[in-house]
Amino acid sequence: MEAYPEPDGTARSHVRFLRDDGHLSRALGRLGGGALPPLPPALTAALATAVLLAVGLGEVSGITLFAPVALLLPAAAASWHPHGGRADRAVPPLLRGTEYLYLLALGIGAGVPGPLVFVLLTVVVLHHCDTVCRTHRGTGRSGRTARALLGWDGRMLLVAAGGALGWLPFTYGALAACLAVLLVRESAKDWADTPAARPADVPRNERGGAQASTT
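Here the structure is a predicted model, which means the values were calculated and not measured. (Residues numbered from 1 in each chain as written. Predicted model: local features only at pLDDT ≥ 70, side-chain atom pairs only at ≥ 80, totals over all residues. Heavy atoms only, no water.)

**Examining the overall build of the chain**
Stage number 1. Counting its regular elements, the chain contains 10 helices and 0 strands.
Stage number 2. The order of helices and strands in the chain, counted from the N terminus, is α-α-α-α-α-α-α-α-α-α.
Stage number 3. Here the chain, with 215 residues, has 39% of them falling under the buried criterion.
Stage number 4. When contacts within the chain are restricted to residue pairs at least 6 apart in sequence, long-range pairs at least 24 apart make up 75% of them.
Stage number 5. Looking at the chain as shown, the accessible area adds up to about 11,500 Å², and 68% of this sits on carbon and sulfur atoms. (Helix = DSSP H or I, 4+ residues; strand = E, 2+ residues; numbered from the N terminus. Buried < 20%, exposed > 50% of the residue type's maximum accessible area, 1.4 Å probe, protein only. Contact = heavy atoms within 4.5 Å. Areas by Shrake-Rupley, 256 points an atom, 1.4 Å probe, with all protein chains shown as cover.)

**So, the nonpolar core**
Stage number 1. Ranked by internal contacts, the top residues of the largest apolar core, which has 32 residues, are Tyr-102, Leu-103, Leu-120, Val-159 and Tyr-172.
Stage number 2. At the level of elements, helix H3 (39-55), helix H4 (62-71), helix H5 (73-77), helix H6 (91-109), helix H7 (114-137), helix H9 (151-164) and helix H10 (168-193) are the ones that each hand at least two residues to this core.
Stage number 3. In terms of residue count, H10 provides more of this core than any other element does, 7 residues in total. (Core = buried A, V, L, I, M, F, W, Y, C linked by side-chain atoms within 4.5 Å.)

**Some thoughts on helix H2 (residues 23-32)**
Stage number 1. Within the span of H2, buried status applies to Ser-25, Arg-26 and Gly-29. Considered in projection along H2, the buried side chains sweep an arc of 95 degrees and stay on one side of the axis.
Stage number 2. Of the surrounding elements, those touching the buried residues of H2 are H5 and H9.
Stage number 3. Two residues or fewer past H2, Gly-33 is found with a positive phi of approximately 70 degrees. (Arc of directions from axis to C-beta.)

**Observations regarding the environment of Pro-41**
Stage number 1. Position of Pro-41 among the secondary structure elements: in helix H3.
Stage number 2. For Pro-41, a relative accessible area of 12% puts it in the buried group.
Stage number 3. Placed 30 residues apart in sequence, Pro-41 and Leu-71 show a C-alpha to C-alpha distance of 8.5 Å.
Stage number 4. Contacts of Pro-41, omitting those with residues within four sequence positions, involve Leu-36, Pro-74 and Ala-75.

**Some thoughts on the side chain of His-83**
Stage number 1. Mapped onto the elements, His-83 comes out in the loop between H5 and H6.
Stage number 2. Engagement of the side chain of His-83 in a polar contact is seen with the side chain of Arg-19, the distance being 3.2 Å.
Stage number 3. Polar contacts involving the side chain of His-83 include one to the main-chain carbonyl oxygen of His-81, which spans 2.5 Å. (Polar contact = N/O pair within 3.5 Å; in protein donor to acceptor, adjacent residues only side chain to side chain.)

**As for H6**
Stage number 1. The end-to-end C-alpha separation of H6 is 27 Å, in line with the 27 Å expected for 19 residues at 1.5 Å each.
Stage number 2. Following H6 by one or two positions, Gly-111 has its phi on the positive side, about 75 degrees. (Expected span 1.5 Å × (residues − 1).)

**Quick word on unusual backbone geometry**
A negative phi angle is the norm for most residues apart from glycine, just as the trans form is the norm for most peptide bonds.
Stage number 1. Located in the positive-phi region is Asp-20, a residue other than glycine, with phi close to 60 degrees.
Stage number 2. Within the element layout of this structure, Asp-20 appears in the loop between helix H1 (14-19) and H2.
Stage number 3. Classification of Asp-20 by relative accessible area gives buried; the value is 10%.
Stage number 4. Even without being a glycine, Leu-150 presents a positive backbone phi close to 75 degrees.

**Let's talk about a nonpolar patch on the surface**
Stage number 1. A contiguous nonpolar patch, built from Leu-24, Phe-66, Leu-73 and Leu-157 and spanning about 290 Å² of accessible area, is present on the exposed surface.
Stage number 2. Assignment of secondary structure puts Phe-66 in helix H4.
Stage number 3. Residue Phe-66 is classed as partly exposed on the basis of its relative accessible area, which comes to 36%. (Patch = residues over 30% accessible without salt bridge, like charges linked within 9 Å, V, L, I, M, F, W, Y side chains within 5 Å. Salt bridge = Lys/Arg side-chain N within 4 Å of Asp/Glu carboxyl O.)

**As for the confidence of the model for the chain**
Note that predicted coordinates carrying low pLDDT should not be read in detail.
Stage number 1. For the chain, per-residue confidence averages 79 on the pLDDT scale, and 77% of positions sit at 70 or higher.
Stage number 2. In the model of the chain, H4 stands out as the element of lowest mean pLDDT, 77, in contrast to H9, which has the highest, 91.
Stage number 3. Below a pLDDT of 50 lies the segment residues 1-12, which in the model reaches 33 contacts outside its immediate sequence neighbourhood of four places, other chains included.
Stage number 4. Scored below 50 in pLDDT, residues 197-202 shows 1 contact in the model against residues more than four places distant or in partner chains. (pLDDT = per-residue confidence, 0-100.)

Following this line, the structure appears as structure tokens:
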């Protein structure tokens, strides 16, 4: 499984893998040293983002674009926390829901074509489903693919920058296409690397056919 080391050298927990942190979150987590608890800032940021996006839904401004990302910075700084508590399991769903709400509200508020918003959200959801499946299987992604997927923080920052430049529809389309290509390529690689299943041993007769069982 793709992982970055804990301060004690061990691999991060499954909950931390499900967070889908990007470069910024990992850097802030290293600075925080794992001391910041993950649930309070994630919950506070999710609620504040929901209120902010509801108020500014019809207007794409600097506050609407970048404030949700800024609100999530404390949650990003908690990325190196061990996430060993039972309540810490709620952190990945909170981050996922905040990202979905951000992409949906910003796309609708900026007039991005509905099908394009739907495609991007679908690809992001598939990416998260793939992350969950990999966690259960104990497999991981290549380091290059993991970096290219950007993490929740990188995707939100990229969309915010695209909106600030007036390129939001292009940003939605380019991000959706990039994520789709990465997911398809990684799935094809996993399929190709999976060893073929051997057929069950069946008793054979002298002609090479299956031998009928006798009772």
